[in-house]
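Working through the structure, step by step
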Amino acid sequence: MRHALDAIVLLSDGIRGHLHQSRGVAHWLSGAAGIPVFEMEVPRFSGGRRLWILKVAPHFFAWRRTPEARRKSACAWLHLADRFVGGELFPVEFVEAVRRRLQEGGGEEVSPALPPPAGRPAKRVLFLSAGSAAAPFCLALARSCESFFPGAEGVACTLMTPSGLGTAPFDAAIVPEHDLSGTPTRADAHGNISKGKNGPFRCVTLGAPNAIVPENLKTASEELLRRFPPSVPESPRWGILLGGDDGNYRVSASWVRDTLGAVFERARRENATLYVTTSRRTSPEAENALTQLAETYASAISMLLLASKDSWNPVPGMLGAVQRVFCTEDSVSMVSEAATAGHRVVLLRVERRRNLAAAGKELCNRLARVGVCASPSGPARFDAFFRRMEERGLLVVFPSERAFREAFWRSGAVETPLPAPSLRASSSLAEKEPCPLQRRGLGFNEARRAAAELLAYLAERKPDPS
């Protein structure tokens, strides 16, 4: 893989969820052949500047026909962004560090050393980003790569579908199935789509790629248990990942008292130890209700970490330390992380938004079902993802109705062993032996799969003719 890629530049918009996705893919790309990763945060804009610089202006360089025209237009856009920043857009030290690495040689040399394939540039840099704010910078830097790094080819890869630009101008796109612009299909989720002779390579993932690496969870779990030791050392440990409000879902105080109250009561009956954390989207009302509930079940709770009061991220440690994971449906990222760590996730259904916007999304869903609208909207997109996870044995749904909860516990659904791991599309990556508790997690790792297929594509890719 030495000549498929020489360096990775990861561009971050400062959003933790986006950064975790990019780091997850970059980790497996880097691990394949010791490819160096350089991480940089892009400038942030607001108001009219954000609309013009990130949404409108990028279209002037995204669709140029020739490589030279794209390079000149991309440089002009970067100069425009630099003027609005009012300072140095990209630190000189950062550019010099990447340049030195390319001169010294990035990645491991194959033995015996081989020249680059015919038509392959001497050096190739992958620019990787997630989210709409970082996407224009990713594309512009890839198109103007030779201006920064003479003789090097830039490749632009986006994670998710950037609003405004979409995925078409990029060289490659890693897109969760629920984030596709058209109606998700089963065929899409099992392979890659290349549109046109020189069109973008697209890898469709089930759920969100993430930075959960099974072999690192043991260390994270040891730190968690050192900071928050279980009250009863031999007791089963349960983890609860609580999300919050967004445009589709709502986690209310009454929901916390009802649903989490039922989980807490069951934990007390089974002498389980609870590790609970919230997200930045959890409302103060929900956190207050959770705090009051925790006081009632204090003997069963070893950790209650509120994201509004503590910036430490306990999720990797929780996923490595607990035997059962509960996660609210508002976060595909948290569900994906738990499944990547080797857990069968217990999905907690929450309340749905009831407003004009929600009514519009439901209308779109009805039109999609009859073929009038191309894509489902709102919670319906995520419901399809959860169904796929259920089909693969990676998820079970906790009943919303109290009458069915006892039957759920008696069914033993969360105790059923996971299916045997599948190592499909991972043989091209150098993998370390995971810790025994997380061995079964090898069956679901979309960041690793996407990295393997992206490297395979890049190994065959020919640069644009000048």
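Counting starts from 1 at the beginning of each chain's written sequence and moves along it residue by residue. Local features in this predicted model are restricted to residues whose pLDDT is 70 or higher, and side-chain atom pairs enter the listing and the counts only when it is 80 or higher, whereas totals over whole chains, interfaces and linings include all residues. The side-chain figures draw on all heavy atoms in the structure; neither hydrogens nor water molecules are used.

In this section: helix H10 (residues 253–269). Taking 1.5 Å per residue as the helical rise, H10 with its 17 residues ought to reach 24 Å, and the 23 Å between its terminal C-alpha atoms agrees with that figure. The quantity called bend is, for any residue, the angle between two axes fitted respectively to the seven residues ending at it and the seven beginning at it. Labels follow the DSSP assignment, with helices taken as runs of H or I lasting at least four residues and strands as runs of E lasting at least two, numbered in each case from the N terminus. Residue Gly261 marks the point of greatest curvature in H10, where the axis turns by about 35 degrees. Downstream of H10 by a residue or two, Asn271 has a phi angle that is positive, lying close to 55 degrees. The length a helix should cover is 1.5 Å for every residue beyond the first.

Let's shift gears to the pattern of salt bridges. A side chain with one charge may pair with a side chain of the opposite charge, provided their charged atoms come close. When a carboxyl oxygen of Asp or Glu lies within 4 Å of a side-chain nitrogen of Lys or Arg, that pair is called a salt bridge. For the structure shown, the criterion picks out 21 salt bridges. Among the salt bridges present, the one from Asp171 reaches Arg143, with a minimum N-O distance of 3.1 Å. Residue Asp171 is located in the loop between strand E4 (152–159) and strand E5 (172–176), and its partner Arg143 is located in helix H6 (residues 135–143); the two are separated by 28 residues in the primary sequence. Like Asp171, the residue Arg143 is buried in the burial classification. A salt bridge links Arg281 to Asp330, with the shortest nitrogen-to-oxygen separation between them at 2.7 Å. Taken together, the positions of Arg281 in the loop between strand E10 (273–277) and helix H11 (284–296) and Asp330 in the loop between strand E12 (324–328) and helix H13 (332–340) put the pair 49 residues apart, joining distant regions of the chain. In this structure Arg281 comes out as partly exposed when scored by relative accessible area, which is 31%. Its relative accessible area of 9% is what places Asp330 among the buried residues. Only protein chains enter the accessibility calculation, which uses a 1.4 Å probe. A residue is then buried if its area is under 20% of the maximum for its type, exposed if over 50%, and partly exposed in between.

All right, on to the packing of H10 against H11 then. Working note: a packed helix pair is described by the angle between its axes plus the distance between those axes. Lines fitted to C-alpha atoms define the axes here, with helix axes fitted over just the stretch in contact, and angles between the N-to-C directions of these axes take values from 0 to 180 degrees. Viewed as axis vectors pointing N to C, H10 and H11 meet at an angle of 25 degrees, and their least axial separation amounts to 9 Å. In this view, H10 runs roughly parallel relative to H11, as classed from their interaxial angle. Here H10 runs over H11; the crossing is right-handed. Here Ala253, Val256, Arg257, Leu260, Gly261, Phe264 and Arg268 of H10 come into contact with H11, specifically with Glu285, Ala286, Ala289, Leu290, Leu293, Ala294 and Thr296. Throughout, the ten residues Ala, Val, Leu, Ile, Met, Phe, Trp, Tyr, Cys and Pro are labelled nonpolar, Asp, Glu, Lys and Arg are labelled charged, and all others, Gly among them, are labelled polar. When its residues are assigned to classes, the contact of H10 with H11 shows 9 nonpolar, 2 polar and 3 charged. Should an angle fall under 35 degrees it is called roughly parallel, over 145 degrees roughly antiparallel, and 65 to 115 degrees roughly perpendicular, with every other angle called oblique. For any pair of crossing helices, the crossing counts as left-handed if the nearer helix is rotated counterclockwise from the farther one by less than a right angle, and right-handed if it is rotated clockwise. Contacts are assigned to residue pairs that have any heavy atoms within 4.5 Å of one another.

As a further point, take the side chain of Arg405. Inspection of the secondary structure assignment puts Arg405 in helix H16 (residues 405–411). On the basis of relative accessible area, Arg405 is assigned to the buried category, the value being 6%. Setting aside anything within four residues of it in sequence, one finds Arg405 in contact with Asp258, Thr259, Ala262, Phe398, Pro399 and Ser400.

Attention now goes to helix H9 (residues 217–227). Residues Leu217, Ala220, Ser221 and Leu224 constitute the buried set of H9. All buried residues of H9 project into a common sector of 100 degrees when viewed along the axis, lining one side. Exposed residues on H9 whose side chains face more than 90 degrees from its buried face are Thr219 and Arg226. Here the buried face of H9 lies against E10, strand E11 (301–305) and helix H12 (315–321). Throughout, the arc means that of the directions going from the helix axis to the C-beta atoms.

The next point concerns the sheet that holds strand E15 (residues 395–398). If DSSP finds at least two bridges between two strands, the strands pair. Spatially, the 6 strands line up as an open sheet ordered E11-E10-E8-E12-E13-E15, and their pairing is parallel. At either end of the open sheet lies a strand with only one pairing partner, and these are E11 and E15. Going across the sheet, the axis of each strand differs from the next one's by a mean of 20 degrees, ignoring polarity. In this sheet, strand E13 (residues 345–348) lies alongside E12 in parallel orientation, the contact comprising 4 bridges.

Burial along E13 is two-sided: Val345 and Leu347 facing one way and Val346 and Leu348 facing the other are all buried. The parallel pair E12 and E13 is bridged by H13, and the resulting crossover is right-handed. As paired elements, E13 and E15 share 4 bridges and run parallel to each other. Paired with Leu348 across the bridge in E15 is Phe398. Orient the strands so they point away from the viewer; a crossover is then right-handed if the path from the first strand over the helix to the second runs clockwise.

On average, residues of the protein chain carry a pLDDT of 81, and 78% of them reach 70 or more. Note on residues 106–118: pLDDT under 50 across the span, and 23 contacts to partners over four residues away in sequence or across chains. Residue-level confidence of the predictor, termed pLDDT, takes values from 0 up to 100. Predicted confidence is poor over residues 420–442, with pLDDT under 50, and the contacts of this stretch with residues over four places away or in other chains come to 50 contacts.

Glancing now at a nonpolar patch on the surface. Within the patch definition used here, like charges are joined within 9 Å and nonpolar side chains (Val, Leu, Ile, Met, Phe, Trp, Tyr) within 5 Å, considering only residues with over 30% relative accessible area and no salt bridge. For accessible areas, the Shrake-Rupley method is used with a probe of radius 1.4 Å. Any residue's cover is judged against the shown protein chains and nothing else. Residues Leu51, Trp52, Val56 and Phe60 make up a contiguous nonpolar surface patch of roughly 390 Å² in combined accessible area. Per-element accounting of the nonpolar patch gives the leading share, 3 residues, to helix H2 (residues 47–56). In this fold, Phe60 is placed in helix H3 (residues 59–62).

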